[in-house]
There are 2 protein chains.
Amino acid sequence: MKPINDVATLFENQRAVRAFSDRPVDDTTVTEVIRAATHAPSSQNAQPWRFIVVRDPAQKAVMSEVYEECFLQVYGAGAPARADGRQPWTQVPVLIVCCIGVQGRPNIATGASIYPAVQNLMLRARSLGLGTVMTTLFRLQRDRFHEILGIPEGWEAAAIIPLGWPDRNYGPNHRPPVDEVVMRDRWTEPQPNL
Amino acid sequence: MKPINDVATLFENQRAVRAFSDRPVDDTTVTEVIRAATHAPSSQNAQPWRFIVVRDPAQKAVMSEVYEECFLQVYGAGAPARADGRQPWTQVPVLIVCCIGVQGRPNIATGASIYPAVQNLMLRARSLGLGTVMTTLFRLQRDRFHEILGIPEGWEAAAIIPLGWPDRNYGPNHRPPVDEVVMRDRWTEPQPNL
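These numbers were taken from a predicted model, which means no experiment stands behind them.

### Some points on the side chain of Glu12(B)
If you trace the backbone, Glu12(B) turns up in the loop between α1 (7-10) and α2 (27-38). Using a relative accessible area of 15% as the deciding quantity, one classes Glu12(B) as buried. Side-chain polar atoms of Glu12(B) contact the side chain of Arg35(A), separated by 3.3 Å. Those residues within four positions of Glu12(B) in sequence are excluded, and the remaining contacts are Arg35(A), His39(A), Pro172(B) and Asn173(B).

### Remarks on the relation of the copies chain A and chain B
Taken as rigid bodies, chain A and chain B are interconverted by a rotation of 180° and an axial shift of 0.0 Å, the fit giving an RMSD of 0.0 Å. Both chain copies can therefore be described as sitting about a two-fold axis. Taken together, the interface assignments show that 100% of the residues at the interface of chain A recur at the interface of chain B, consistent with an identical surface on both copies.

### Some thoughts on the side chain of Arg86(A)
Note that Arg86(A) resides in the loop between α3 (57-75) and β2 (94-101). Within the structure, the side chain of Arg86(A) is placed 2.8 Å from the side chain of Glu68(A), a separation counted as a polar contact.

### Here we look at unusual backbone geometry
Unlike most non-glycine residues, Asn45(A) shows phi in positive territory, near 50°. Mapped onto the secondary structure, Asn45(A) falls in the loop between α2 (27-38) and β1 (49-54). The backbone of Gln47(B) sits at a positive phi, close to 50°, despite the residue not being glycine. By secondary structure assignment, the location of Gln47(B) is in the loop between α2 and β1 (49-54). Looking at Gln47(B), the relative accessible area reads 16%, which means it is buried.

### Notes on the pairing of strand β2 (residues 94-101) of chain B
Residues and elements named next belong to chain B. The buried count for β2 comes to 8 of 8 residues, which makes it a mostly enclosed element. Of the pairings in the sheet, the one linking β1 to β2 comprises 6 bridges and is antiparallel in character. Looking at the pairing, phenylalanine 51 lines up with cysteine 98 of β2. Sheet analysis places β2 next to strand β4 (residues 155-164), joined by 8 bridges and oriented antiparallel. Each residue of the ladder has a partner; that of valine 94, found in β4, is leucine 163.

### Examining the sheet that holds strand β4 (residues 155-164) of chain A
Here 5 strands make up an open sheet; going across it, the order is β3(A)-β4(A)-β2(A)-β1(A)-β5(B) and the pairing mixed. In this open sheet, the two edge strands, each paired with only one partner strand, are β3 (131-132) of chain A together with β5 (182-184) of chain B. In the packing of α2(A) onto the sheet, the strands contacted are β1, β2 and β4 of chain A together with β5 of chain B, and the crossing angle to β1(A) comes to about 160°.

### Let's talk about the interface of chain A and chain B
Across the boundary between the two partners, chain A contributes 81 residues, which contact 82 residues of chain B. Sorting the residues of chain A by area buried against chain B places Ile108(A), Arg175(A) and Trp187(A) first, and these three jointly supply 13% of that buried surface. For the interface between chain A and chain B, the tally reads 4 salt bridges. One salt bridge in this structure joins Arg184(B) and Asp27(A), with 3.2 Å as the shortest N-O distance. Our count for the chain A to chain B interface comes out at 37 residue pairs in polar contact (both at pLDDT 80 or more). For the side of chain A that touches chain B, the elements supplying multiple residues, two or more each, are α1 (7-10), α2, β1, α3, β2, α4 (115-127), β4 and β5 (182-184) of chain A.

Conventions adopted
Residues numbered from 1 in each chain as written. Chains lettered and ligands numbered in written order. Predicted model: local features only at pLDDT ≥ 70, side-chain atom pairs only at ≥ 80, totals over all residues. Heavy atoms only, no water. Helix = DSSP H or I, 4+ residues; strand = E, 2+ residues; numbered from the N terminus. Buried < 20%, exposed > 50% of the residue type's maximum accessible area, 1.4 Å probe, protein only. Polar contact = N/O pair within 3.5 Å; in protein donor to acceptor, adjacent residues only side chain to side chain. Contact = heavy atoms within 4.5 Å. Least-squares fit on C-alpha atoms with pLDDT ≥ 70 in both. Pairing = 2+ DSSP bridges. Axes fitted to C-alpha atoms, helices over the stretch in contact; angles between N-to-C directions. Buried area = accessible area lost by both parts, 1.4 Å probe. Salt bridge = Lys/Arg side-chain N within 4 Å of Asp/Glu carboxyl O.

What follows is the structure in structure tokens.
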């Protein structure tokens, strides 16, 4: 994918990239995408985040195994393996575990202090021509991931972002007209079915 | 604030803007920032979002009143009014209520399908020279906001974004060195105090 440095066309060019080339991703690049993440807003500007950059093959192998169990748990053994072109995590150059400090029981708004940062990370990656994909499915085995990664009490792994140079080119994403999701002053459409 | 069309410098120039000039924000601009939002990733690409664009003064007045109650609830009557330069919502040109369709009990990962979109909205606004601020405090009075806005069962207001031309210039935001929030392969720092 070509780099994009134009904000006006950045967003429609973010795609879920689940397979990567062998080209290594250097530390300077990883630092730059995490730097972008840290400039995100957070509740009361607490910046309650930590990022675990996983490159160690042994660690990726353990994570990959548990992640595949999550897929089995949801889709069952009958699901066609790799139907979405997804590489196993063992082959992904870098996994970035995005953690948030949480006090009390998490709710929807908890995510308001981590997913803007995660989105910055993915957008900055895209601007450099790198691919990412948001994953949260691993939370089905949240306790095991926390154990594998040594995440302490009071912190939650909110997303794991595979990062690498894409296996191929990806075109823009497509969305319905904006009008279909916009209302004026109050909810005016009948309750839609998701 | 000057427009920014350079992705490399966009993120550090996002600031919380809580006061706005009288300059109106036209519908084309509002549509453009929401368009950017809709290009965000979401779980299984469900795009489970709706945006309520509030311009009606009467509706803003009611929302403003309940929002002020949320502040009282948290900070008490002793808190200096408007200490952060915050305008009341009655004076904000546009309020954008960002809603997410939710099945089952919300958790951290629920936010993964709405806050990337909200962040796109705020980043696109910043690139055009517009100010925004993420607010979730209103959820202290979630039921009343849902009633005022007519949000149906199965949907949640996840953020309300005030949008307008900033009252003044805002410089870049500042963050500690990236190294302070990055670990390698596993959690290696002692549990920090947030």
